[in-house]
Amino acid sequence: MSRFVKPALWTIGALAAGGFVFWLLLALNIPYKSTAAPETTPLTTSAAATTESPPPVPGPPAESEAWVVDVRPGPDDHTALLHVELPTCAVEPHVEFTEIGDGIRAAVRYRVPDGAKCGQAPADIPVKTVAPIGKRLVIVNSADPWGLRSGVFKKCDRVVACDPPADHCDPAWVAEIEYSTEAEFPGTTRACDQNWLIHDLQRHRGQAPNRVAYRWAGNGWSSFASAKGGGCGEIVAAEPKFPTALCQNLNPAG
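Residues numbered from 1 in each chain as written. Predicted model: local features only at pLDDT ≥ 70, side-chain atom pairs only at ≥ 80, totals over all residues. Heavy atoms only, no water.

A. Looking closely at the pairing of strand S9 (residues 152-155). In the sheet, strand S8 (residues 144-149) pairs with S9 via four bridges, with the strands oriented antiparallel. Counterpart to Trp 146 in the pairing with S9 is Lys 155. Hairpin connection, S8 to S9: the antiparallel pair is bridged by two residues, and Ser 150 has positive phi, about 55°. (Pairing = 2+ DSSP bridges. Helix = DSSP H or I, 4+ residues; strand = E, 2+ residues; numbered from the N terminus.)

B. Focus on the sheet that holds strand S10 (residues 188-192). An order of S10-S11-S12-S13 is seen for the four strands of this open sheet, with the pairing classed as antiparallel. In the strand order of this sheet, the two ends are held by S10 and strand S13 (221-227), each with one partner. Between one strand and the next, the sheet's axes are offset by a mean angle of 25°, whatever the strand orientation. Helix-sheet contacts for helix H3 (residues 171-180) involve S10, strand S11 (196-201), strand S12 (210-216) and S13, and the interaxial angle to S11 is about 50°. (Axes fitted to C-alpha atoms, helices over the stretch in contact; angles between N-to-C directions. Contact = heavy atoms within 4.5 Å.)

C. The arrangement of the state of the cysteines in detail. All told, the structure shown has four disulfides when counted by the stated rule. Between Cys 89 and Cys 118 runs a disulfide, and the two sulfur atoms are separated by 2.0 Å. Because the sign of the S-S torsion sets the handedness, a value of about -50° for the bond joining Cys 89 and Cys 118 places this disulfide among the left-handed ones. Here Cys 89 is found in the loop between strand S3 (79-87) and strand S4 (91-100), whereas its partner Cys 118 is found in the loop between strand S5 (103-111) and strand S6 (120-128), with 29 residues between them in sequence. Between the sulfur atoms of Cys 232 and its disulfide partner Cys 247 the distance amounts to 1.9 Å. (Disulfide = S-S within 2.5 Å.)

D. How the structure looks around the sheet that holds S3. Taken in spatial order, the three strands make up an open sheet running S2-S3-S6, and their pairing is antiparallel. A strand with exactly one partner marks an edge of an open sheet, and here the two such strands are strand S2 (68-73) and S6. Averaged over all adjacent pairs, the angle separating strand axes in this sheet is 30°, with direction ignored. Pairing between S2 and S3: five bridges, direction antiparallel. Its bridge partner being in S3, Asp 70 is matched across the sheet by His 83.

Spelled out as structure tokens, the structure:
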């Protein structure tokens with residue numbers, strides 16, 4: 001019988017020990033960690049995050065500037081007509097202008113709807129000034145001057161304008177040369193009469209001045225020779241009619 005008593009005592013002791021340990025855990029308030037898989041809560045996405053942003057509202061098409069090919073008198077002395085080629089689907093063609101000193105700067109602007117394809121058609125767009133136009137220049141295409149003379153607009157030289165000086169050696173005529181060659185520095189006139197001109201011109205920084213000979217061409221000076229040395233040799237070789245009195249005593253350009 002003792003063989004049955006001993007295992008029973010062992011069992012009772014083990015249960016008692018386990019109960020004691022369980023009581024001790026409760027007394028110490030040690031957190032219990034479950035080995036079971038945690039419950040998961042499905043993630044929710046806010047409506048603001050899932051809603052797509054509305055497409056951007058397209059703005060008006062960009063403005064373009066029309067090329068002015070002619071300027072014509074208007075119905076009164078305050079109006080000029082800018083003759084242009086415009087797309088037939090152009091929207092709101094209009095003139096932007098400023099009156100500055102003795103000139104009027106004007107530009108024809110318009111819009112074309114995005115994706116529109118259309119042909120071209122001529123149009124006269126009026127520019128109406130505050131003061132009478134008179135002899136003031138109407139400057140279009142950023143640089144082209146037109147002037148009203150004898151009831152008709154004519155395109156003028158950029159420097160001597162619409163009233164060129166009678167003296168061909170006038171500085172305005174020489175300035176027209178420098179403007180047309182895009183010289184960075186003013187040159188020096190060495191000799192001039194009404195038909196012939198010698199002008200030393202420095203086009204760019206760091207370059208030596210270049211001597212150029214010109215003949216009068218009716219509406220301005222036209223070059224026909226350049227010279228590296230002094231005197232007349234290179235100039236007369238290019239144009240025997242050139243008067244030697246204008247060049248024989250000249251030193252080389254520099």
